[in-house]
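The lines below spell out each chain.
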Amino acid sequence: MNSILAILFLFLVIGVEKIAADDTEVSDLPWGYDAPPMPPPPTGDEDTDNDEDNGVKERSTDEIKFRRSTATYDYALVLELSMDFYEAQRSGPLPAENRVTWRGDSALDDMGFNYEDLTGGYYDAGDHVKFGLPMAFTTTTLAWGAIRYKSIYEANGQLEKIRETIKWATDYFIKAHVSKNEFYSQVGDGAIDHQYWVPPETMTMDRPPRMIDENTAGGDIAGETAAALAAASIVFVHDPSYSDLLLSHAVDLFLLGNSTRGCHDNGGYYSQTKCGDELAWAAVWLYKATNNTLYLTEAESLYYDFARPRPWAYAWAEKNVGVQLLLNEFTGGAIYQKKVKKFVDGWFEGGNIPYTPDKLAFRDAWGPLRYNAGTCMIALMAAQDGLGVGTTYEDWARGQLHYMLGDNSANQSFVVGFGEKYPVRPHHRASSCTEGLDNNAALTSPDPNPNLLRGALVGGPNNLDVYNDNRGDYVSNEVACDYNAAFQTAIAALQYYDTYGW
């Protein structure tokens, strides 16, 4: 359909003259329905071992003020809905038991340069590209939660469901790792895909693959995928043959990434300039999976060489604080404890992060809830590891997560299908299209999406707590696999704490 109409619509709903990071005019951009490639989070400042982390100091509980929530929510239902969202994101041939009835088989011709089968995996967000880096980050984060909070998933009757959610990604990664030093990092092209607003079942655009090998830099994607597979090997320890298979691929991908080191060219989407944190991340997960001290030594070496900048967030391009938390788990090193505590404390009011009037910690305008949820997850895990002061970390995380579930001045839930007032027009092709309704007609329709995208966490409000439930607003209203990953794990952590304590 006419991309000019879509761009005009973006003008109306977002009210900005430019959507690029530089001075490029919107009319010069090639995409019609989605944002340009989002830049990675900024690299944190260098954080030496004996500094005060740019003014962030440990504070007593009397000095820390934040929103507290006494509301009660059904965390088990939130987890169930979140896993429904991942089923809605599935690519490839769907199993008969797929619970999202409005989805069907799609992208059955996804293949590599030599016709390798690349079906499966997850669509990234409201589009239909299979971006490897955020998919792997999603998988690592969900696996981390499934390991730490297995008893909660089991008590909820969701253990098999979280395993299926993880395995849908890991089966795809195994397919994509076609030889020891060849890994398909992506299927689809953002610039092509974003020209169309159609459901995945009917898309016909070209879906070219991208690959890394020993001659192509890819430390970030290889490292994150190795971390995901190593973490998943622990999740599937009950199935020794599959666990061993995952671990074998994880080792090979780590070696590949550690030999090439540089960051992969993803066509401008999910690109970054550093990959040391992903390699350190892979090494710590390989140590956790194998107990081989060579990986721990390598993890600490990679951390000190590449991953020491002060963390900006826990997100698809930022694993530093995750590395620090795991290194603390393995070594008990005071320096790692200090780093994690400084990161979490920096998110309290008076630290590094601005707050909205309703006291939501607001790291960034584009999808702020994902960054917030990532820190909630880290804060709860840190508290579980004994790094909090009293119940400060737990109380802060609960207040932030409850904001997302509807405990705010607008009584607005940001999880589709949860609560009395939730998003009904998420920026998402499959849920907004039906037979005879697609492209501009579907994008610009004022009606709610005809298909309910249960469990999806949308980007979130602006810095004044104003939320735009408009399908064209990809800043506030897009959904993504990585948005839900830390959110789901944080909810599992909160339910675990409430049920068992630490």
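Before reading further, recall that the structure is shown in the block above.
These lines cover the structure that appears in this document, whether it is placed above or below. This is a predicted model, so every value here is computed, not measured. Along each chain, residues carry numbers from 1 onward, in the same order as the chain's sequence is written. It should be noted that, the model being predicted, local features are given only for residues of pLDDT at least 70 and side-chain atom pairs only at 80 or more, the latter also being counted only at that level, while totals for whole chains, interfaces and linings use all residues. Remark: hydrogens and water are excluded; side-chain values derive from all non-hydrogen atoms of the structure.

### Details of the environment of Lys175
Reasoning step 1: Tracing the sequence through the fold places Lys175 in helix H5 (residues 159-176).
Reasoning step 2: Counting along the chain gives 54 residues from Lys175 to Gly121, while the straight-line C-alpha distance between them is 9.7 Å.
Reasoning step 3: Whether two residues are in contact is decided by their heavy atoms, any of which lying within 4.5 Å being enough. Non-local contacts of Lys175, meaning those with residues more than four positions away in its chain, are made with Asp117, Leu118 and Thr119.
Reasoning step 4: Think of a polar contact as two N or O atoms within 3.5 Å of one another; within protein, one of them needs to be a possible hydrogen donor and the other a possible acceptor, and neighboring residues in sequence only count if both atoms come from side chains. At a separation of 2.9 Å, a polar atom in the side chain of Lys175 contacts the side chain of Thr119. Strands here are runs of E lasting at least two residues and helices are runs of H or I lasting at least four, both read from the DSSP assignment and numbered beginning at the N terminus.

### Let's talk about the packing of aromatic side chains
Reasoning step 1: Centres within 6.5 Å make a pair out of two Phe, Tyr or Trp rings, where for Trp the six-membered ring is used; the pair is then stacked when the planes are under 30 degrees apart, edge-to-face when over 60, and tilted otherwise. In total, this model carries 32 aromatic pairs according to the counting rule given.
Reasoning step 2: Pairing Phe414 with Tyr467 gives two aromatic rings, centres 5.2 Å apart and planes at 80°, and the pair type is edge-to-face. Of this pair, Phe414 sits in the loop between helix H14 (392-405) and helix H15 (429-432) while Tyr467 sits in the loop between helix H16 (439-444) and helix H17 (474-477), and the two are 53 residues apart along the sequence.
Reasoning step 3: Residue class for Phe414 comes out buried when judged on its relative accessible area of 1%.
Reasoning step 4: For the exposure calls, accessible area comes from a 1.4 Å probe over protein chains only, and a residue counts as buried if that area is under 20% of its type's maximum, exposed if over 50%, partly exposed in between. A residue is classified by how much of its surface remains accessible, and Tyr467, at 15% relative accessible area, is buried.
Reasoning step 5: Ring plane angle 35° and centroid distance 5.0 Å describe the contact between Tyr497 and Trp502, whose orientation is recorded as tilted.
Reasoning step 6: Residue class for Tyr497 comes out buried when judged on its relative accessible area of 19%.

### Structural notes on the pattern of salt bridges
Side chains carrying opposite charge are able to pair once their charged atoms draw close together.
Reasoning step 1: The salt bridge definition used is simple: a Lys or Arg side-chain nitrogen within 4 Å of an Asp or Glu carboxyl oxygen. The tally for this structure, following the rule as stated, stands at 26 salt bridges.
Reasoning step 2: Of the charged contacts, one joins Asp482 and Arg370 as a salt bridge, the two residues approaching to 4.0 Å between their closest N and O atoms. Separated by 112 residues along the polypeptide, Asp482 in helix H18 (residues 481-500) and Arg370 in helix H13 (residues 368-384) bring together distant segments of the chain. Like Arg370, Asp482 is buried.
Reasoning step 3: Residues joined in a network through salt bridges with shared partners are Glu80, Asp84, Glu87, Arg99, Lys161, Glu164 and Arg454.

### Notes on the side chain of Ser243
Reasoning step 1: Take Ser243: it is sitting in helix H8 (residues 240-260).
Reasoning step 2: When near neighbours in sequence (up to four residues on either side) are disregarded, Ser243 contacts Ser233, Phe236 and Val237.

### Details of the nonpolar core
Reasoning step 1: Counting residues in each nonpolar core, the largest one holds 137 residues, and the members touching the most others are Trp144, Ile378, Trp396 and Phe487.
Reasoning step 2: If one sorts the elements of this core by residue count, H13 sits on top with 11 residues.
Reasoning step 3: Once residues within four sequence positions are removed from consideration, Ile378 is found in contact with Trp144, Tyr314, Val321, Leu325, Val340, Phe343 and Val344. In this text, buried Ala, Val, Leu, Ile, Met, Phe, Trp, Tyr and Cys residues form a nonpolar core when linked through side-chain atoms within 4.5 Å.

### Details of the packing of H13 against H14
Reasoning step 1: To obtain an axis, a line is fitted to C-alpha atoms, over the contacting stretch when the element is a helix, and the angle between two such axes runs from 0 to 180 degrees between their N-to-C directions. Direction vectors running N to C along H13 and H14 enclose 150°, while the axes themselves pass 9 Å from each other. Viewed along their axes, H13 and H14 adopt a mutual orientation that is roughly antiparallel. The element H13 and its partner H14 pack so that their crossing is left-handed. Every residue of H14 that contacts H13 at Leu369, Asn372, Ala373, Thr375, Cys376, Ala379, Leu380, Ala382 and Ala383 is listed here: Tyr393, Glu394, Trp396, Ala397, Gln400, Leu401 and Met404. The scheme is simple: roughly parallel for angles under 35 degrees, roughly antiparallel for over 145, roughly perpendicular for 65 to 115, oblique for anything else. The handedness criterion is simple: a crossing whose near helix is rotated anticlockwise from the far helix by less than a right angle is left-handed, and one whose near helix is rotated clockwise is right-handed.

### Some thoughts on the sheet that holds strand S1 (residues 130-131)
Reasoning step 1: Pairing is antiparallel across the open sheet formed by three strands, whose spatial order is S1-S2-S3. Strand pairing shows two members of the sheet lacking a second neighbour, S1 and strand S3 (209-213), which therefore form its edges.
Reasoning step 2: Whether two strands pair comes down to DSSP finding at least two bridges between them. In this sheet, strand S2 (residues 182-187) lies alongside S1 in antiparallel orientation, the contact comprising two bridges. Following the sheet pairing, Phe131 is matched in S2 by Gln186.

### Re H5
Reasoning step 1: How far a helix is expected to stretch is found by multiplying one less than its residue total by 1.5 Å. Its 18 residues give H5 an end-to-end C-alpha distance of 26 Å, which sits within 8% of 26 Å, the value for a rise of 1.5 Å per residue.
Reasoning step 2: Here the bend at each residue means the angle between axes fitted to two seven-residue stretches, the one ending at that residue and the one beginning there. Along its length, H5 shows its largest kink, about 25°, at Lys167.
Reasoning step 3: Extensive coverage of H5 is indicated by the burial of 13 of its 18 residues.

### Side note on the packing of H5 against helix H7 (residues 219-235)
Reasoning step 1: In contact at an axis separation of 10 Å, H5 and H7 are set at 135° when each is read in the N-to-C sense. Of the possible angle classes, the one that applies to H5 and H7 is oblique. Remark: the crossing between H5 and H7 carries left-handed chirality. Along the contact surface, H5 presents Arg163, Ile166, Thr170 and Phe173, while H7 presents Thr225, Ala228, Leu229, Ala232 and Val235.
Reasoning step 2: Under the convention adopted here, Pro, Cys and the residues Ala, Val, Leu, Ile, Met, Phe, Trp and Tyr are nonpolar, Asp, Glu, Lys and Arg are charged, and Gly plus all remaining residues are polar. Broken down by class, the residue content of the contact of H5 with H7 amounts to six nonpolar, two polar and one charged.

### Description of the pairing of S2
Reasoning step 1: With five of six residues buried, S2 is to be regarded as a mostly interior element.
Reasoning step 2: Alignment of S2 against S3, held across five bridges, turns out to be antiparallel. Paired with Val187 across the two strands is Pro209, which belongs to S3.

### A few points about helix H10 (residues 293-306)
Reasoning step 1: The terminal C-alpha atoms of H10, which comprises 14 residues, lie 20 Å apart, in line with the 20 Å expected from a rise of 1.5 Å per residue.
Reasoning step 2: What H10 keeps buried is the set Tyr295, Leu296, Ala299, Leu302 and Tyr303. Projected down its long axis, H10 carries its buried residues within an arc of 130°, all on one side. With respect to the buried face of H10, the exposed residues turned more than 90 degrees away are Leu294, Thr297 and Asp305.
Reasoning step 3: Contact partners of the buried residues in H10: H8, helix H9 (276-290), helix H11 (320-331) and helix H12 (334-345).
Reasoning step 4: Two or three places before Leu294, at the start of H10, stands the capping residue Asn292, its side-chain oxygen 2.9 Å from that residue's backbone nitrogen. Working note: the arc is built from the helix axis to C-beta atom directions.

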